[in-house]
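The chain contents come next:
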Amino acid sequence: MIASRRPKRHAAALAAALAVSCALIGAATPTATADAASGASRLTPFTLTSPDFRDGGKLPKWTEFGGPGSEGAPCQGKNLAPRLNWRNAPAGTLGYALLVNDPDAPLAGGWHHWVLYDIPGTATRIDGHGTLQYTQGANSFDTNGMPVVGWGGPCPPATGQPHHYVFTLYALSTPTLPSAGLTYEQVTSAIQPYVLGATSIVGTFRLPA
């Protein structure tokens, strides 16, 4: 989809994610290598897709936050992550990290919904649908002061205003990160020396649905 034809909020959310991605790639990649990677990406772009929602489209109702840890929250969904597929990873990829953020949330840096890393470089998909794969980090939810680990589905205010959920997959030159249970910010910091490329898609969700 051409960026100029996307809804403005979708474009803004994706632009914010791409700005972070570009900063990470720029910090990790020498200019000559970056130019070569840029040329290669124009031929075979690193692409993230989902069979459960289209880029810029609505996330399924079953992705909504719910279950253990949702007591007192206005959302009582199934809290199942969508499936994700990708192709054309940059040369030298040994691992991946996936971060999902809602930049529309009234919180500095947005609300972090999924932190997933130590994904093998041979992988081309995340199964979602309740399947726990790879190393799950802490999202922005908490239960009695304890961070919730894994997928934390959308749970925006019930104003009817759609929120945008940016799924960003980073291709890394390392197979693993230092430890389990890392937060969004810790993963962003840890991957800086290793980012080879990144790709994003955006899903939307609103309440009432």
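Up top you'll find the structure we're talking about.
Residues numbered from 1 in each chain as written. Predicted model: local features only at pLDDT ≥ 70, side-chain atom pairs only at ≥ 80, totals over all residues. Heavy atoms only, no water.

K.L.:
Would you mind going over the sheet that holds strand S1 (residues 47–49) with me for this structure?
P.N.:
Read across the sheet, 3 strands follow the order S1-S2-S5 without closing on themselves; strand pairing throughout is antiparallel. Since the sheet does not close on itself, it has two edges, and those belong to S1 and strand S5 (125–126), each with one partner. Relative to strand S2 (residues 84–87), S1 runs antiparallel, the two sharing 3 bridges. Along S2, the bridge assignment pairs Leu48 with Trp86. (Pairing = 2+ DSSP bridges. Helix = DSSP H or I, 4+ residues; strand = E, 2+ residues; numbered from the N terminus.)

K.L.:
Is there a simple way to think about the nonpolar core in this case?
P.N.:
The nonpolar side chains of a soluble globular protein tend to be buried with one another. Leu84, Trp86, Leu98, Trp114, Ile119, Ile126 and Phe167 are the most contacted members of the largest nonpolar core, which totals 28 residues. Sorting the residues of this core by element identifies S2, strand S3 (95–102), strand S4 (111–120), strand S9 (163–172) and strand S10 (195–205) as the ones contributing at least two each. It is S9 that contributes the most residues to this core, 4 residues altogether. With sequence-adjacent residues up to four places away left out, Leu98 is seen in contact with Leu84, Trp114, Val115, Leu116, Ile119, Ile126, Thr168 and Leu169. Core analysis: the second largest hydrophobic core is formed by 13 residues, Tyr117, Leu172, Leu182 and Val195 among them. (Core = buried A, V, L, I, M, F, W, Y, C linked by side-chain atoms within 4.5 Å. Buried < 20%, exposed > 50% of the residue type's maximum accessible area, 1.4 Å probe, protein only. Contact = heavy atoms within 4.5 Å.)

K.L.:
Honestly, the state of the cysteines in this entry has me stumped. Any pointers?
P.N.:
Joining two cysteines, a disulfide is a covalent bond between their sulfur atoms. For the structure on display, the rule yields 1 disulfide. A sulfur-sulfur separation of 2.1 Å characterises the disulfide bridge that pairs Cys75 with Cys155. As the torsion about the S-S bond is roughly 100°, the Cys75-Cys155 disulfide counts as right-handed. Here the residue Cys75 occupies a position in the loop between S1 and S2, and Cys155 occupies one in the loop between strand S8 (146–149) and S9, the gap between them amounting to 80 residues. (Disulfide = S-S within 2.5 Å.)

Function-wise, these values are silent; they only describe arrangement.
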